[in-house]
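Tertiary structure, described
The lines below spell out each chain.
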Protein chains: 4
Amino acid sequence: MRAPSLDPDSRRASLVRAAREVFAEKGYHPASVGDIIEAAGVARGTFYNHFESKREIFAAVLAELMLEVGGVVQPIDVRQDIHEQVRANLHRLAAAMASQGAAVRILFTEAEGIDKDGEIALAAFYAHVLARVEKALSDGQRLGVVRPGEVRQSARCLLGMLKEPVMLARLAREPLDAPAMAEAIYGLLRGGVLSV
Amino acid sequence: MRAPSLDPDSRRASLVRAAREVFAEKGYHPASVGDIIEAAGVARGTFYNHFESKREIFAAVLAELMLEVGGVVQPIDVRQDIHEQVRANLHRLAAAMASQGAAVRILFTEAEGIDKDGEIALAAFYAHVLARVEKALSDGQRLGVVRPGEVRQSARCLLGMLKEPVMLARLAREPLDAPAMAEAIYGLLRGGVLSV
Amino acid sequence: MRAPSLDPDSRRASLVRAAREVFAEKGYHPASVGDIIEAAGVARGTFYNHFESKREIFAAVLAELMLEVGGVVQPIDVRQDIHEQVRANLHRLAAAMASQGAAVRILFTEAEGIDKDGEIALAAFYAHVLARVEKALSDGQRLGVVRPGEVRQSARCLLGMLKEPVMLARLAREPLDAPAMAEAIYGLLRGGVLSV
Amino acid sequence: MRAPSLDPDSRRASLVRAAREVFAEKGYHPASVGDIIEAAGVARGTFYNHFESKREIFAAVLAELMLEVGGVVQPIDVRQDIHEQVRANLHRLAAAMASQGAAVRILFTEAEGIDKDGEIALAAFYAHVLARVEKALSDGQRLGVVRPGEVRQSARCLLGMLKEPVMLARLAREPLDAPAMAEAIYGLLRGGVLSV
DNA sequence: AATGAATGAGCCTTCATTCAT
DNA sequence: CATGAATGAAGGCTCATTCAT
């Protein structure tokens with residue numbers, strides 16, 4: 001039975017949706033094009049009418065995820081309580097990652113290994129995110145909300161604090177306690193762990 | 001040309017060495033047994049005289065890496081300057097990770113998705129590491145060197161701070177500035193980033 | 001050169017046909033999937049689009065053979081000359097086996113030792129055949145056409161009388177003289193060999 | 001630890017003994033040289049000091065079996081009760097086959113498939129056996145103990161009666177009831193199954 | 001003669017991709 | 001655009017055999 005000829009964008013979208021689930025569940029390499037078309041209820045050929053390769057659809061999934069995760073962070077309004085806004089952003093980020101659950105893992109663990117030739121905008125994505133965090137830190141320093149000091153490495157560490165708990169929860173097959181994670185990070189940002 | 005007849009341990013070691021490089025460069029799935037034996041200068045059958053499968057040699061590489069990385073951390077002597085010892089450990093860890101370069105990525109990115117059947121001790125490794133970090137934090141709290149508060153999530157974040165800069169440096173194809181990374185983490189642990 | 005796109009049933013059938021010849025000539029283990037696809041004029045992947053494994057296609061060949069050989073035996077009509085009908089059945093069976101030539105050897109020699117996990121219905125097939133023969137003998141006894149006595153072992157021997165001459169002809173690379181064989185068996189059934 | 005340097009014949013014999021068990025349990029193809037040397041407690045190289053190939057040791061096993069099985073048949077003494085002697089021979093044969101159990105299967109099912117190039121004396125063995133049976137039948141006819149008629153096909157059928165029950169018992173994983181089998185065959189030889 | 005590490009051809013199987021319909 | 005049969009390179013693994021010690 002022939003699937004209805006959807007407009008190209010919808011078909012594409014439904015393939016990406018299916019692919020996201022499949023990749024999330026199995027990971028990139030173990031997931032097969034067969035899995036994806038089965039999940040999408042579409043014939044093999046159809047897949048290749050919309051994507052040139054497995055890699056390309058993976059990139060599409062990734063791009064979508066990046067937008068979604070990046071979108072939850074709200075710009076800081078310097079006239080309001082900054083700490084509270086940072087905290088709220090952390091909670092939103094943690095919640096987003098927890099809800100995406102499996103899917104986010106892709107962004108975090110697999111993408112790099114697939115990105116030969118840099119065809120996937122992963123490096124760019126991270127560069128973008130890092131730049132954003134670094135700018136936030138610098139701005140904060142200028143406003144006196146962030147301690148002075150180098151900013152580049154700190155931004156990297158910050159990213160790690162966000163990603164690692166997600167990874168570990170997945171690895172241990174435990175659910176992610178998003179609020180606890182957000183609070184822990186906030187606590188670290190506020191005062192470190194070592195007492196003076 | 002026939003490879004010289006080594007005793008099993010040496011041959012095994014040389015295969016693990018070769019495999020480590022190959023896995024580091026290509027990642028688990030893209031690396032083939034063919035790549036490994038070529039790197040080791042050995043025939044296909046020889047590989048299978050020493051390892052039952054690609055997965056098994058991967059596990060061996062992993063185990064080695066764990067030992068090496070874990071080995072650089074030295075226990076804290078409470079009668080001496082604790083902050084300084086923490087800092088020294090961070091520097092040693094950072095240096096170890098930087099020197100292993102590509103190889104460490106294995107520990108960090110792959111291994112999940114390969115671990116069907118839990119045959120690879122990755123989860124166990126992380127559990128072990130986390131337990132160690134958590135204990136260090138708790139001990140520190142008892143000694144008054146670490147701020148009171150929950151310890152579980154913080155340990156996870158700490159791990160992230162260590163791993164992420166390594167990953168990002170790799171992704172950006174930049175060398176890792178180990179001392180800077182260690183200092184940044186130390187700074188974070190000491191006082192967070194937000195000023196009070 | 002690409003093979004024409006057949007409907008799945010035809011392709012499957014052509015593969016089974018090819019496999020039957022290959023298995024007949026080489027036997028199960030020595031025959032390779034490569035031999036089969038070559039005989040079928042089809043690419044490797046095509047084979048696995050239709051069969052999950054070499055074992056599965058072997059089972060398919062076996063099933064076909066069973067049907068063909070089993071199909072030539074006609075039920076006895078008690079109102080007619082029974083001896084003559086038995087004899088006719090023997091001739092038909094012998095002819096069928098002779099015409100299948102090599103292929104029948106499969107049914108007779110291989111299949112054991114392949115049947116790990118009992119996935120191949122060989123034991124079942126023989127159980128079925130034996131039951132049929134035993135029933136025929138019992139029925140015959142009730143009708144007074146078959147001597148009284150145990151029936152189980154006799155059925156087994158009967159089967160052996162049919163198979164062995166086929167095997168031996170093959171082994172000696174002689175053609176099978178089907179009518180002679182049928183007559184010999186008929187003679188044996190009628191009066192044994194020892195005179196009283 | 002180095003095995004004592006047995007005299008060649010003993011070592012050879014112990015290898016053949018080991019091989020017989022291994023082949024009997026697994027069948028020719030699934031049995032590996034590794035299995036055999038393990039069973040014999042000997043190193044790989046040692047095996048090839050005594051046999052040129054797996055096939056060669058298989059042939060040796062076969063030759064041994066042929067001797068053993070053939071040896072139990074005793075020549076008929078025409079001055080004594082011939083029926084009884086035939087019956088006794090049948091019982092001895094059946095018992096021999098039952099005791100060899102698995103090993104005999106080799107002779108019966110696998111050998112042919114391995115005998116490319118006729119390197120194994122299987123055809124010769126069967127020719128020999130058949131000749132012996134045929135001669136017995138002819139002699140019997142001359143003595144009036146065997147019904148007149150062709151003898152060639154009957155001899156083949158006779159062989160089948162002996163082999164098949166062994167095969168079937170094995171296939172069904174039942175023990176072989178040797179006396180019952182011998183009696184059934186004797187009954188068949190005496191009077192067939194069809195009543196007149 | 002015994003040893004066992006090394007060999008490599010060859011096998012079965014997978015799966016991303018192509019293309020005729 | 002949709003379809004799905006066909007493709008074939010590539011991969012993991014086995015195992016009979018060789019040979020230096």
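Quick look at the structure, then. These numbers were taken from a predicted model, which means no experiment stands behind them. (Residues numbered from 1 in each chain as written. Chains lettered and ligands numbered in written order. Predicted model: local features only at pLDDT ≥ 70, side-chain atom pairs only at ≥ 80, totals over all residues. Heavy atoms only, no water.)

Let us look at a nonpolar patch on the surface. Residues and elements named next belong to chain A. A cluster of nonpolar side chains, namely Ile-76, Val-78 and Leu-143, defines an oily patch on the protein surface of about 260 Å² accessible area. Secondary-structure assignment places Ile-76 in the loop between α4 (54–71) and α5 (82–100). With a relative accessible area of 38%, Ile-76 lands in the partly exposed category. (Patch = residues over 30% accessible without salt bridge, like charges linked within 9 Å, V, L, I, M, F, W, Y side chains within 5 Å. Areas by Shrake-Rupley, 256 points an atom, 1.4 Å probe, with all protein chains shown as cover. Salt bridge = Lys/Arg side-chain N within 4 Å of Asp/Glu carboxyl O. Helix = DSSP H or I, 4+ residues; strand = E, 2+ residues; numbered from the N terminus. Buried < 20%, exposed > 50% of the residue type's maximum accessible area, 1.4 Å probe, protein only.)

This part is about the relation of the copies chain D and chain C. Rotating chain D by 178° and translating it 0.0 Å along the rotation axis places it on chain C, where the RMSD comes to 0.4 Å. Accordingly, the operation relating the two chain copies is best matched by a two-fold axis. Same-surface contact between copies: 98% of interface residues of chain D are shared with the interface of chain C. (Least-squares fit on C-alpha atoms with pLDDT ≥ 70 in both. Contact = heavy atoms within 4.5 Å.)

Superposing chain A onto chain B takes a rotation of 178° plus a shift of 0.0 Å along the axis, which leaves an RMSD of 0.4 Å. When the interface residues of chain A are mapped onto chain B, 98% of them again lie at the interface, so the same face is used by both copies.

The next subject is the protein's contact with DNA strand E. Looking at DNA strand E, there are 43 residues lining it, with Ala-3, Arg-11 and Gly-45 of chain B together with Ala-3 and Gly-45 of chain D nearest. Counted by atom, the contact set of DNA strand E within 4 Å of the protein is 59% sugar and phosphate. Measuring from a phosphate oxygen of DNA strand E, one finds a backbone N or O atom of Lys-54 of chain A at 3.1 Å. Within the contact set of DNA strand E, a phosphate oxygen lies 2.6 Å away from a backbone nitrogen or oxygen of Ala-3 of chain B. Elements with a minimum of two residues in the surface near DNA strand E: α3 (44–50) of chain A, α1 (8–26) and α3 (44–50) of chain B, α3 (44–50) of chain C together with α3 (44–50) of chain D. Class assignment for the residues of the surface near DNA strand E results in 16 nonpolar, 16 polar and 11 charged. (Near = heavy atom within 4 Å. Polar contact = N/O pair within 3.5 Å; in protein donor to acceptor, adjacent residues only side chain to side chain. Nonpolar A, V, L, I, M, F, W, Y, C, P; charged D, E, K, R; others polar.)

Core analysis: the biggest nonpolar cluster contains 118 residues, and Phe-23 of chain A together with Phe-23 and Leu-189 of chain B have the highest contact counts within it. Setting aside residues no more than four positions away along its own chain, Phe-23 of chain B makes contact with Tyr-28, Ala-31, Ile-36, Lys-54, Ile-57, Phe-58, Val-61, Arg-105 and Ile-106 of chain B. Formed by 114 residues, the second largest nonpolar core is a distinct cluster that contains Leu-194 of chain C together with Ala-19, Ala-60 and Ala-94 of chain D. (Core = buried A, V, L, I, M, F, W, Y, C linked by side-chain atoms within 4.5 Å.)

Turning our attention to the packing of helix α9 (residues 178–191) of chain A against helix α8 (residues 152–171) of chain B. The packing of two helices is summarised by the inter-axis angle and the distance between the axes. α8 of chain B packs onto α9 of chain A with a crossing angle of 65° between their chain directions and a minimal axis gap of 9 Å. Classified by the interaxial angle, the pair formed by α9 of chain A and α8 of chain B is roughly perpendicular. Where α9 of chain A crosses over α8 of chain B, the two elements pack in a sense that is right-handed. For the pair formed by α9 of chain A and α8 of chain B, the contact residues are Ala-180, Met-181, Ala-184, Ile-185 and Leu-188 of chain A on the first element and Gln-153, Ser-154, Cys-157 and Met-161 of chain B on the second. Residue composition of the contact of α9 of chain A with α8 of chain B, by class: seven nonpolar, two polar and no charged. (Axes fitted to C-alpha atoms, helices over the stretch in contact; angles between N-to-C directions. Parallel < 35°, antiparallel > 145°, perpendicular 65-115°, else oblique. Left-handed = near helix turned anticlockwise from the far one by under 90°.)

In the vicinity of DNA strand F there are 44 residues, among which Pro-8 and Gly-45 of chain A, Arg-44 of chain B together with Arg-11 and Gly-45 of chain C approach most closely. Counting only atoms of DNA strand F within 4 Å of the protein, the fraction found in sugar and phosphate groups is 62%. The contact in question runs from a base nitrogen of DNA strand F to an N or O atom on the side chain of Asn-49 of chain C, over 3.0 Å. Listed by contribution, the elements that provide at least two residues to the surface near DNA strand F are α1 (8–26) and α3 of chain A, α3 of chain B, α1 (8–26) and α3 of chain C together with α3 of chain D. Split by residue class, the surface near DNA strand F holds 17 nonpolar, 16 polar and 11 charged.

Residue and element names in this part refer to chain D. A full pass over the atoms with the stated rule returns 20 aromatic pairs over all chains. Relative to Phe-58, the ring of Phe-23 has its centre 5.1 Å away and its plane inclined at 90°; by these criteria the two rings are edge-to-face. One end of the pair, Phe-23, is in helix α1 (residues 8–26); the other, Phe-58, is in helix α4 (residues 54–71), with 35 residues separating them in the sequence. Grouping residues by exposure puts Phe-23 and Phe-58 together as buried. Judged by centre distance (5.8 Å) and plane angle (35°), the rings of Phe-47 and Phe-51 are tilted. Look at Phe-47 and you get buried, because its relative accessible area is 0%. Accessibility expressed as a relative area gives 1% for Phe-51, which makes it buried. (Phe/Tyr/Trp six-rings, centres within 6.5 Å; stacked < 30°, edge-to-face > 60°.)

All names here are of chain D. Tracing the sequence through the fold places Asn-89 in helix α5 (residues 82–100). There is a polar contact of 2.6 Å between the side chain of Asn-89 and the side chain of Arg-92. Other than its neighbours up to four places away in sequence, Asn-89 contacts Val-72, Val-73, Gln-74 and Ile-76.

All names here are of chain A. By secondary structure assignment, the location of Val-166 is in helix α8 (residues 152–171). Linking Val-166 and Glu-150, residues 16 residues apart in sequence, is a C-alpha distance of 26 Å. For Val-166, the residues in contact, after removing those within four places along its chain, are Met-97, Leu-176 and Met-181.

Once that is clear, we can look at the interface of chain A and chain B. Each partner contributes residues to the interface: chain A has 48 residues there, and chain B has 47 residues. Between chain A and chain B, a total of about 4,600 Å² is buried, with carbon and sulfur atoms accounting for 62% of that surface. One salt bridge connects Glu-174 of chain B with Arg-152 of chain A, and the closest N-O pair in it is separated by 3.1 Å. One can count six residue pairs in polar contact (both at pLDDT 80 or more) joining chain A with chain B. At 15 residues, α8 of chain A tops the list of elements feeding residues into the side of chain A that touches chain B. Here the residues of the side of chain A that touches chain B are counted per class, giving 24 nonpolar, 11 polar and 13 charged. (Buried area = accessible area lost by both parts, 1.4 Å probe.)

Bringing the pattern of salt bridges into the picture now. One side chain can pair with another of opposite charge once the charged atoms of both are near each other. Residue and element names in this part refer to chain A. Enumeration according to the criterion identifies 44 salt bridges over all chains in this entry. Linking Arg-142 and Asp-139 is a salt bridge whose minimum nitrogen-to-oxygen distance equals 3.0 Å. Separated by three residues within a single helix, Arg-142 and Asp-139 lie in helix α7 (residues 122–143), roughly one turn from each other. Asp-139 sits in the partly exposed class, given a relative accessible area of 21%. What you see here is one network of salt bridges that share partners, running through Arg-20, Glu-64 and Glu-68.

Size of an interface: often given as the accessible area lost when the parts come together. At the junction of the two partners, chain D supplies 48 residues and chain C supplies 47 residues. Counting across the chain D and chain C interface gives six salt bridges. Close ionic contact of Arg-156 of chain C with Glu-174 of chain D constitutes a salt bridge, the shortest N to O distance being 3.6 Å. Every element with two or more residues in the side of chain D that touches chain C is listed here: α6 (102–114), α7 (122–143), α8 (152–171) and α9 (178–191) of chain D. With 15 residues, α8 of chain D is the single largest residue contributor to the side of chain D that touches chain C.

This paragraph deals with the side chain of Glu-164 of chain A. Considering the arrangement of structural elements, one finds Glu-164 of chain A in helix α8. Non-local contacts of Glu-164 of chain A, meaning those with residues more than four positions away in its chain, are made with Tyr-126, Arg-156, Leu-159, Gly-160 and Lys-163 of chain B.

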